[in-house]
Amino acid sequence: MGYKVVKFGGSSLADANQFRKVSNIIKSDDKRRFVVPSAPGKRFSDDIKVTDMLYKCCELAGSGVDFTDDFQMIKDRYNGIISELGIDMSLEDEFNAIVKELKARPSRDFAASRGEYLNGKVLAKFLGFNFVDAADVIIFDTKGTLLLDETVKAVREKVKGLENAVIPGFYGRTTEGYIKTFSRGGSDVTGSIIANAVRAEIYENWTDVSGFLVADPRIVDKPDVISVITYRELRELAYMGASVLHEDAIFPVRSAGIPINIRNTNAPQDDGTMIVSNDYDFSQESMAHTITGIAGKKGFSTINIEKAMMNNETGFGMKVLKVLADNGLSFEHMPSGIDTMSITLNTEKFTPVRDKVLAELRKAVNPDHIEVEDGIAILAVVGRRMKNTRGTVARIFASMAHARINVKLIDQGSSELNVIIGVSEHDLPEAIRRIYDMFINSEK
Ligand code: ASP
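Residues numbered from 1 in each chain as written. Predicted model: local features only at pLDDT ≥ 70, side-chain atom pairs only at ≥ 80, totals over all residues. Heavy atoms only, no water.

S.K.: So what exactly am I meant to see when it comes to the overall build of the protein here?
M.R.: When helices and strands are tallied, the protein shows 14 helices and 15 strands. Taken along the three principal axes of its C-alpha coordinates, the protein extends 80 × 55 × 40 Å. Going through the 444 residues of the protein one by one, you find that 52% of them count as buried. Put simply, of all contacts in the protein between residues at least 6 apart along the chain, 75% involve residues at least 24 apart. (Helix = DSSP H or I, 4+ residues; strand = E, 2+ residues; numbered from the N terminus. Buried < 20%, exposed > 50% of the residue type's maximum accessible area, 1.4 Å probe, protein only. Contact = heavy atoms within 4.5 Å.)

Structural data, given as structure tokens:
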């Protein structure tokens, strides 16, 4: 029988009621054997995540300030969950050990990791599952880079013969024995690694939304959920700022051909979003629009360069890009004409070296005209089906034209997986709404 690895985010385990939902989800499917919990997250919008409370205790401990009161709040969170669930356990010894360690060696990674560690203990007890400490199986080198092969081997050895296990997310240990965490939101990565190691048939990532949305819900009213998205499409959208999943959570499952299913703990009846590779059987998909998602990002500038006969000057582009590279700048897009070239850059990165770059460009290519335009937003229309659908680009630009939105930049790469357009920042929300209407609402 295949296994499912299930990861639950902080809001899915924020209080006793959420623990019950999680238990029901796990117990409703025999395949859900390996469970990766986050630390208790927010119960309401201005609540504080246990991870943040732990960072604070560590800071206080590091400056030699008494952190008893702050640590008490952490104890109260766990003790509240334990007593409300009516489980017979005490974390007192664990609490004391943490306080002792923080006083002796206030390491941020150690402090933060305890949120997942303690939550894993409570969840394992509540489910009647085995507890496997992530410090025994998730292994980093001394620089903090994950050692995937060693980790997979350690996980396999540890879970061999175990019917089930709760393995806390977010942390592991270095080869020197120190506790090390991933970056924030890193329990997603742990879940992905465990799925790879136990050769899971699916990695379920349970959170508080029913999957990836076609567009940002702050811009489009109640956007549809994407039912199936490929890893490549996801990368395009995530790059533009649409995020539900930690970026590093993709590789371990992708390399093993394991799909990820984003699910909602508060609406387990929803199918959520399947993240799959290109060879997935897409015929099972219920909703199939031409485009998969739309995402946009503000904060770009373009450097527009004009020079008569630019097309005849061999190495022109190379000289321009060398100036950027010498100044540590990477560019986003670079459409060009016969005598013009325009380069899109991140404004924040460009600003500190702006004058220097412009001076160096003048020297390197002696342009007739050079100017910078700020306040540009980049919008990506992403979809694997565009390649086989005629007229997609025409529809995108028709929707821009109807809204009288000026398109400043167009870029479609050879993959035909996305169309990039640049507009003024203030036009971005309307551009996204128009494209959503054109492709999603009108295709219903
Ligand atoms: N608890 C950690 C955080 O708040 C890790 C996680 O939730 O994935 O970032």
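S.K.: How should I be thinking about the sheet that holds strand S9 (residues 260-264) in this particular structure?
M.R.: The seven strands are arranged S4-S2-S1-S7-S9-S10-S8 in an open sheet whose pairing can be described as mixed. Since the sheet does not close on itself, it has two edges, and those belong to strand S4 (165-166) and strand S8 (228-230), each with one partner. Note: strand S1 (residues 4-8) against strand S7 (residues 202-207), five bridges, orientation parallel. Across the sheet, residue Lys7 finds its bridge partner in S7, namely Asn205. Contacts from helix H8 (residues 231-239) reach S8, S9 and strand S10 (273-276) within the one sheet, and its direction differs from that of S8 by about 85 degrees. (Pairing = 2+ DSSP bridges. Axes fitted to C-alpha atoms, helices over the stretch in contact; angles between N-to-C directions.)

S.K.: In this structure, what is going on with the packing of helix H2 (residues 50-62) against helix H5 (residues 108-127)? I would like to understand it.
M.R.: How two helices pack is summed up by the angle between their axes together with the distance between the axes. Orientation of H2 relative to H5, taken along the N-to-C sense of each, is 150 degrees, at an axis distance of 8 Å. Regarding the angle of H2 to H5, the classification is roughly antiparallel. Considering only the axes of H2 and H5, their crossing is right-handed. In this structure, H2 uses Val50, Thr51, Leu54, Tyr55, Cys58 and Glu59 to contact H5, whose residues at the interface are Arg108, Ala111, Ala112, Arg114, Gly115 and Glu116. Looking at side-chain class alone, the contact of H2 with H5 contains six nonpolar, two polar and four charged residues. (Parallel < 35°, antiparallel > 145°, perpendicular 65-115°, else oblique. Left-handed = near helix turned anticlockwise from the far one by under 90°. Nonpolar A, V, L, I, M, F, W, Y, C, P; charged D, E, K, R; others polar.)

S.K.: I tried to follow the sheet that holds strand S5 (residues 171-174) on my own but got confused; where do I start?
M.R.: Sheet strands associate in pairs through backbone hydrogen bonding, adopting either a parallel or an antiparallel arrangement. Pairing in this open sheet of three strands is mixed, and the strands run S3-S5-S6 from one edge to the other. The open sheet has two free edges, formed respectively by strand S3 (139-140) and strand S6 (179-181), since each of these has just one partner strand.

S.K.: In this structure, what is going on with a negative patch on the surface? I would like to understand it.
M.R.: Negative charge collects at one region of the surface, where Glu306, Asp339, Asp368 and Glu371 lie side by side. Relative to the assigned elements, Asp368 resides in the loop between helix H12 (354-365) and strand S13 (369-382). Residue classification places Asp368 among the exposed residues on the basis of a relative accessible area of 55%. (Patch = residues over 30% accessible without salt bridge, like charges linked within 9 Å, V, L, I, M, F, W, Y side chains within 5 Å. Areas by Shrake-Rupley, 256 points an atom, 1.4 Å probe, with all protein chains shown as cover. Salt bridge = Lys/Arg side-chain N within 4 Å of Asp/Glu carboxyl O. Lys, Arg positive; Asp, Glu negative; His and termini not counted. Charge placed at Lys NZ, Arg CZ, Asp CG, Glu CD.)

S.K.: Help me understand a positive patch on the surface, please; the structure alone is not making it clear to me.
M.R.: Side chains of Arg232, Arg235, Arg254 and Lys387 sit close together on the surface and give a patch of like positive charge. Note on placement: Arg254 falls in helix H9 (residues 250-255).

S.K.: I'm lost on the pairing of S10 in this one. Help?
M.R.: Looking along a regular strand, one sees side chains alternate from face to face of the sheet. Residues Thr273 and Ile275 point to one face of S10 and Met274 and Val276 to the other, with burial holding for every one of them. Relative to S10, S9 is paired through three bridges, and the arrangement is antiparallel. Each residue of the ladder has a partner; that of Ile262, found in S10, is Thr273.

S.K.: Please explain the side chain of Ser12 as it appears in this structure.
M.R.: If you trace the backbone, Ser12 turns up in the loop between S1 and helix H1 (16-27). Residue contacts for Ser12: discarding those within four places in its chain leaves Gln18, Phe19, Val22, Trp206, Thr207 and Thr265.

Everything listed here is a matter of geometry and, on its own, says nothing about what the molecule does.
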